[in-house]
Each structure stands twice: as C-alpha cells, then as structure tokens.
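Take a look at the letters that make up each chain.
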Amino acid sequence: MGKMATASGKDRRKEKKPTKKGKKVLKDRKEEYLKKQLKKDTKKQTSRTAQADGDTITIAWKGKKKEVDKKTLQADKKGKQLLKKIANKRVLNADEKHRLKMLGEVGDLMKLWEVLREKNKPKDEKLKAIDQILSFTKDTFKDDVRKPDMSRIFQSVLKWGTPAVRREIYVRVQGMIGELCTSSHANQFVKHLVEYATPATRDEILQEISKTGSQILSHKNALLVLEHLHNKLNAEKQHLLIMSFFDGLELKSHAGFPKLLDVLAQMSPNTLEYKRVIERLFKLLSPSVTKGTFDNVVVHRLLEALLKYGTEFEINDIIEDIAKGVVNICNTKPGSACAILIAEHAPQKLRKSIVKSFSHSVVDMCCAKFASFFMCRLFDVFDDVPTLVNVVGKELTAGVRDLLVDPHGSLLLLHLLTPDPEHKRKYFTFNRYDELWHDSPDVDPFHIPALTTLYAAKPKRICATHPREKHAAVLSAIMSPMVAALLENPQEMVDNLISRRVITELLHYTSTSEKVKLNASARQTFETLLEVRAETQRDKAEKRTTGQQTPATETPAAGAKPAGKAAKKRKAAEEQHDDTPKEESAQKPPQGASQSSPVAASSVPKKRKIVKRKA
C-alpha cells in the first residue's frame, strides 16, 4: 500500500509540473514584476530627492523640477533641519516635500487663496489678491486650470471677482471650453464660469459648446457642465441647445422649431428627414445609456423624444438598459415623462422588476414633485394586481398619513378616487390629465400609438386588466388605514386644503362605487364637518360683502383658560352631535333663535360674541 501511495504521489507531482508553455508564462510574469519594481524604485528616487546647488535647492515634485531659495529655509529650526537632510542626500517625507512646495509661487497663491476664502476680509483686500493671482498665472493659465488646486483657486476668483475679471478669465480660455468640459478638474471651473458669467458671455459659451456636438454627450464630466448650462438658460435657449445636436439636418424650416417634440409632431414618419432624426437620437443616446450616465436633464429631453416618436426597435433596445434605473430619472419633468413612456412600452415582467426596484421607497416616490405622476400612471398599466396590493399597497398603508397632507403625495389618492373626467380635471393640468386614465368614451385604456420598424403606425397593447378594477383593488387594501388616519383628528383634516380634497373625493367615490364602501359613521362625521365648514365660510363671505369685520381675537389674560382647552371642548361638542341627520345640520337658525343645534353651536362660538361685547 505504501509503494502504491508513493507511486500515486509521484504521479500527482508529475501532473503538477508545468509544461514548456507554462514555464514561458511564469517567466513573462517574473519579467513584468521586475519591470514594475524598477519603475517604483525610480519613481521614489525622482519624486523624493532634493539637491543643493549653490544658493538654491532643486527639488523633484510629482515629476517636475522646482527651485527653492535656501534663505527661506534658514528662518526657523525645522527649516535648518530640512537643509541638513538635503545636504546629506536623504529621502524626504511627504510633509517635508509639501513644505518645500509651499515656499515658491504655489505657496504664495495658496496664501492669496486663503484671503479669498475668509468671510470677514474686506472687499478691497480680496480684489487685490485677485489681481495678484491673475498676474502670477498670466502665461500658464491654460495649463494651470486643469490642475486640482489651481482650478479651485480660479473658482474662488470667479466667485469674488468683478464682471471685468470674469470676462478676462473667459477671454483667456476662449476657444477651449469644449476641452475643459471633459477634464476631471477643469469642468468644475467651467461650471463656475457659467454660474457667474453675464448673459452675453453665457451665450458665447453656449455657442462654443454647441460646436462640439455629440462628443460632449459621451463624457460624464462634460454632462455635468451641460446640465448646469441648460438650467441657467431661458426656455428658448434651452431648446436651441437641444437642437444644436442635430446640425446638418436642416430642421429650421419645420413648424415648431426650435422645440424638438413639436418638430417631430409636425413631421410625417414616412419622410426621410424623420428617419434621420430618429437615427441621430438613437446614436446620441446609446453611449449615455450603455455607460449609465443618463441621470441628466439634457439626456432626459432627448430620451423623451426618442421614446415618444421612435420605432419599436429603438424603444425596446433603450428600455432593456434603462428600465432598472427608472428611479434615478424621475427627478426632472422630462425624466418623469420618460419613466411613464418606459412603463407603457415595457413588458409585464420588466414592469415587475421596475416596481421591485423601488419597493422600499414607494412613499418617497409618491411625495416627489415629478415622480408622483409616474406612480399615478404605473397604477394604470401594471396588470399584476397581487404585486400592487402586497408590495405597493403595504408601503402606501404604512405612509398613508404622509400622503394625505402632502401636495404631491395626495395626487395618487386623488387619481385613484377620480375616474370621472370632471373631477380629475380639478387636480391635474392639461398635459398630465391626458397622460392619465380617466373614464371617458374616447380614451382607450388598453392601447397606445406606436411605430413598427418600418415606420408604420400600429396600436400597441399595454395591459389586459381595466384600470378601474386595479384602482378598486388598491383602494380596498388601503381604505381602512386611510379612514383611520382621517378620523384621528377629523377637524384638522377638514381644515387642511389637501386632505379636504381627498375627503370630498372619497365621499363621492364610495357613494358611486360598488366594490369600495365607506361606513356610515365615518361618512356622517365627514359630511357634518364639511357642512359646518362650508356654512362658516358663507357667514364670513356675507360679512365681507356687508362691510362687517370679524371680531379680532384678544390675547388671553393672566387668569384666563388656555386656548387648547377651548378647542378640546369644541371638538367634544362636535363629536357628541355626530349622529345628527344631514338635513337638520344643514339648516341655519334664524337670528335671535336659541343655538341649541350642533351646527349653530359649532359654527358660531359663544366666546367670540363675549369678546365682541367687551371690545
């Protein structure tokens, strides 16, 4: 057995021996390792050595030579120790190298930068420092602006400088804005130049960037500058910036110029120009989509045009790469429109992955300014009702109190509660109203217009379940927690404009719906409080028309009861008369009659009359 074991061990060692090809690979790896070590050693010698030549010290700093005067080091003890170290040709550490670096012009510029950064420095001193910085960097400005420390210095100069100084800086870099946008440090300088430039200078920057064309869209650093410039321009110039990517297609003669969406709406899909525009759009957006740099408002505007007027081939190709990043593009108005179009064109499996990508931030998405419209449209096209109820419905149930009082979060509840077009128009603008489903005979909830790969118009089916059924399923899941949140403080909810809208539409929807109902006690409470508030508002309006002023509330005296107790008493009186019929509560008592009814007791408080008599 032992011989057999040793034999098998020899066999294993024979198998592990490298072949000729393996020996060559090991030899090549060893040579590469030795070359890297040699480079590291030479880099240490060149970057951490200093030589004393007469009255100056020559130092190598980051691959560049620099001369420092010895007299500047003889002023203090640490400087003398540093001189001895240089004389003995010893290696300097990072702090010593930094000290030598700060002794020359770079150190002077850093000191001047500190003057600009101090808040309490007078303006005259800052302007003198700016003049010195510009004089130091007159010949090397174009190279210095690409360096990290110098770029930050020039950003401070733009911030605290005069319009003449900012114009002088622009003249120095004129003609190379496109190159600086792609630099990792100079792009921040260009952003500050756009921020503090005059409108005339900003127009010149726009013309210079427009000449670069599609090159600037494929670089992540340049996209930051492009977005900043876009946000600083007015609406017309923003459209011109978008149109600059289509030079050579001669779109100026078309109606709707310079708006890209209007131009495409006026053009026929069968024309050659239309096809060229769609091809250019796809070519412009492909690098941004593949690199993941599509979280940019300029990219959003181009993407909206492609998703709205492109063919099935371009749309499906774009959606596959961008679907999981829908959460990141909903932070702008055109981005939310893109997210809506993605939700419409995506298949059901992809929609499910989109929903799961933000399953833990549903309430945040609903309360966002632009993402709220995407959430409303998602409930129209998403067919997986169990996922809507179990995943999205649970998040809505947990954050229903935030949705009821948030101006954007309440839009989702209002969309679910208002299938009637007349009611939906009250809360959504014209464009948003057309995007969302409403129960109108001319609206097809199952299809959207689309183009085939041959640019032929063909309706595309987007869902199989009617939106009315999906809305009812979600409302049934969140109805009880929503009503409970409203009944915690019904008077406060009725007084709040946002939650009062939800209460009004809730009463109307549950009175007409067969699947979703509201219990009688909650309905009576809400109707009573709404009628009391409406009557109070009518009384105030009548007093304004007759010229009578409402009595001003006096500040409570030292021995008076706090206002909180009076509010609690009023609330208790309202809760006590919640069972009053609707007809009785709506009647207004005549003047001089006893105020025994709950409406009169709540709408005309006795304390206000007493205060009026005292006054």
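Residues numbered from 1 in each chain as written. Predicted model: local features only at pLDDT ≥ 70, side-chain atom pairs only at ≥ 80, totals over all residues. Heavy atoms only, no water.

What to know about the confidence of the model for the protein
Counting all residues, the mean pLDDT for the protein is 82, and 78% of those residues have values of 70 or more. Predicted confidence for residues 1-8 stays below pLDDT 50, and this span has zero contacts to residues more than four positions away or in other chains. Note on residues 557-561: pLDDT under 50 across the span, and one contact to partners over four residues away in sequence or across chains. (pLDDT = per-residue confidence, 0-100. Contact = heavy atoms within 4.5 Å.)

Things to note about the pairing of strand β4 (residues 447-451)
Here five bridges tie β4 to strand β5 (residues 457-461), and the two strands are oriented antiparallel to one another. Bridged to L451 within β5 is A457. (Pairing = 2+ DSSP bridges. Helix = DSSP H or I, 4+ residues; strand = E, 2+ residues; numbered from the N terminus.)

Here's the deal with the pattern of salt bridges
One pass over the structure, following the stated rule, counts 16 salt bridges. Across the salt bridge formed by R377 and E344, the nearest N and O atoms sit 2.9 Å from each other. With R377 in helix α23 (residues 371-381) and E344 in helix α20 (residues 333-345), the pair connects residues that are 33 residues apart, well separated along the chain. No difference in accessibility class separates R377 from E344, as the two residues are buried. Linking R377 and D380 is a salt bridge whose minimum nitrogen-to-oxygen distance equals 3.4 Å. Remark: D380 and R377 occur in helix α23; sequence separation between them is three residues, near one turn of the helix. Both residues of the pair, R377 and D380, belong to the buried class. When salt bridges with common partners are traced through the structure, they connect E344, R377 and D380 into a single cluster. (Salt bridge = Lys/Arg side-chain N within 4 Å of Asp/Glu carboxyl O. Buried < 20%, exposed > 50% of the residue type's maximum accessible area, 1.4 Å probe, protein only.)

Examining the packing of helix α17 (residues 297-309) against helix α18 (residues 312-322)
Describing two packed helices takes the angle between their axes plus the distance from one axis to the other. Between α17 and α18, the least distance of the axes is 9 Å, while the angle of their chain directions is 130 degrees. Relative to α18, the element α17 lies oblique. Taken as a pair, α17 and α18 cross one another with a handedness that is left-handed. Between α17 and α18, the contacting residues are L303, L306 and L307 on the first element and E314, I315, I318, I319 and I322 on the second. (Axes fitted to C-alpha atoms, helices over the stretch in contact; angles between N-to-C directions. Parallel < 35°, antiparallel > 145°, perpendicular 65-115°, else oblique. Left-handed = near helix turned anticlockwise from the far one by under 90°.)

Quick notes on α17
Over its 13 residues, α17 extends 19 Å from the first C-alpha to the last, a length consistent with the 18 Å expected when each residue adds 1.5 Å. Buried residues dominate α17, accounting for twelve of its 13 residues. Of the positions making up α17, those classed as buried are V297, V298, V299, H300, R301, L302, L303, E304, A305, L306, L307 and Y309. Where α17 begins, one side-chain oxygen reaches toward the backbone nitrogen of V298, 3.0 Å away; that side chain belongs to N296. (Expected span 1.5 Å × (residues − 1). Polar contact = N/O pair within 3.5 Å; in protein donor to acceptor, adjacent residues only side chain to side chain.)

Looking at the nonpolar core
F189, F246, L260, L281, F374 and L396 are the most contacted members of the largest nonpolar core, which has 146 residues in total. Every residue in contact with L396, bar those within four places of it in the chain, is listed here: V362, C366, F379, L403, L412, V474 and I478. (Core = buried A, V, L, I, M, F, W, Y, C linked by side-chain atoms within 4.5 Å.)

Some thoughts on unusual backbone geometry
A cis amide bond links F257 to the next residue, P258, at an omega of 10 degrees. With respect to the element layout, P258 can be found in the loop between α14 (235-243) and α15 (260-266). Backbone geometry at E250 places phi at a positive 55 degrees, although glycine is not the residue there. Within the fold, E250 resides in the loop between α14 and α15. Backbone geometry at Y455 places phi at a positive 60 degrees, although glycine is not the residue there. Position of Y455 relative to the elements: it lies in the loop between β4 and β5.

Topic: the state of the cysteines
Across all of its chains, the model carries zero disulfides by this definition. There is no disulfide at C366, and the cysteine sulfur nearest it, in C367, is 6.5 Å away. Here C366 falls in the buried class, since its relative accessible area comes to 1%. (Disulfide = S-S within 2.5 Å.)

Some thoughts on the packing of aromatic side chains
Applying the stated rule across the entire model yields six aromatic pairs. Relative to Y455, the ring of Y274 has its centre 6.2 Å away and its plane inclined at 85 degrees; by these criteria the two rings are edge-to-face. Placement of the pair is Y274 in helix α16 (residues 272-291) and Y455 in the loop between β4 and β5, with a sequence separation of 181 residues. Each member of the pair, Y274 together with Y455, is buried. (Phe/Tyr/Trp six-rings, centres within 6.5 Å; stacked < 30°, edge-to-face > 60°.)

Things to note about a positive patch on the surface
On the surface, K35, K36, K39 and K40 cluster together to form a positively charged patch. Of note, K39 is situated in helix α2 (residues 20-47). Residue K39 is classed as exposed on the basis of its relative accessible area of 62%. (Patch = residues over 30% accessible without salt bridge, like charges linked within 9 Å, V, L, I, M, F, W, Y side chains within 5 Å. Areas by Shrake-Rupley, 256 points an atom, 1.4 Å probe, with all protein chains shown as cover. Lys, Arg positive; Asp, Glu negative; His and termini not counted. Charge placed at Lys NZ, Arg CZ, Asp CG, Glu CD.)

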